[in-house]
Amino acid sequence: ERRAVQTQDLLSDPRVRLTEEFRARFAQAPDRAVLCLPLMVQGQVTGTLSIRDRAGRLFDAEEVSVAEAFASQAATALENARLFSESERQRRIAESLAQVSRMVSRSPDPVEVGRGICETVQRLLRGQAAALYRVDPGAGDLLGIGSSGEEGWGVERPFVLPRGIGIVGLAA
């Protein structure tokens, strides 16, 4: 509803839909009066804040106002944390791309560069393994030139994957 809502007993309020699991859980709980407030960022709901108390309680206007202030602060804090996290992610990507660029300029060996690219992208995306292939211009096959990660998954030279085979072949 994009506004504060409350109920004196969430089990008996016809507006509140509950799964059987939640209904059973709350049937055992004495705190079934609930005040919920949306967390709003730039007109969009990004979450909710809920406060529970004993069944039958009705939060008064002043309490709702205080809770709204906390919800507003929580929304701002969570958005700032999200933006910081995104900024850090972008920084790590930029640093990784710069590292790969330096690696390419230092080494003419495509296998060494390929391995470095795979290690960088694997670490950046927190994957278990990565592999790099190049297309053989004559045959159109994929030639493995670098890998990182799990033992045995990597690309050993020479590794040839016919075009169209496996998910790697679908991407080419």
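What counts and how
Residues numbered from 1 in each chain as written. Predicted model: local features only at pLDDT ≥ 70, side-chain atom pairs only at ≥ 80, totals over all residues. Heavy atoms only, no water. Helix = DSSP H or I, 4+ residues; strand = E, 2+ residues; numbered from the N terminus. Rg over C-alpha atoms; globule rule 2.2 N^0.38 Å. Buried < 20%, exposed > 50% of the residue type's maximum accessible area, 1.4 Å probe, protein only. Contact = heavy atoms within 4.5 Å. Pairing = 2+ DSSP bridges.

Undergrad: Before we move on, could you go through the overall build of the protein chain and cite the residues and values that matter?
TA: For the protein chain, the helix and strand inventory stands at four helices and six strands. The linear arrangement of helices and strands in the protein chain, starting from the amino end, is β-α-β-β-α-α-β-β-β-α. The C-alpha radius of gyration computed for the protein chain amounts to 27 Å, which surpasses the reference 16 Å derived for 172 residues by more than 25%, pointing to a less compact arrangement than a globule. Along the longest, intermediate and shortest principal axes, the C-alpha atoms of the protein chain span 75 × 35 × 25 Å. Within the span of the protein chain, comprising 172 residues, buried residues form 27% of the whole. Excluding contacts between residues fewer than 6 apart, the proportion of contacts in the protein chain whose partners are at least 24 apart in sequence is 40%.

Undergrad: Describe the pairing of strand β5 (residues 142-149), and please don't skip the residues or the numbers.
TA: Most of β5 sits inside the fold, with seven of its eight residues counted as buried. Pairing of strand β4 (residues 129-135) with β5, which is carried by seven bridges, proceeds in the antiparallel orientation. Residue pairing in the sheet places Leu-132 in a bridge with Gly-146 of β5. From the end of β4 to the start of β5, which pair antiparallel, there are six residues, and Gly-140 there has a positive phi angle of about 80°. Across two bridges, the pairing between β5 and strand β6 (residues 160-161) is antiparallel. When the bridges of β6 are listed, Leu-143 appears paired with Val-160.

Scope: geometric values only; no functional claims are made or implied.
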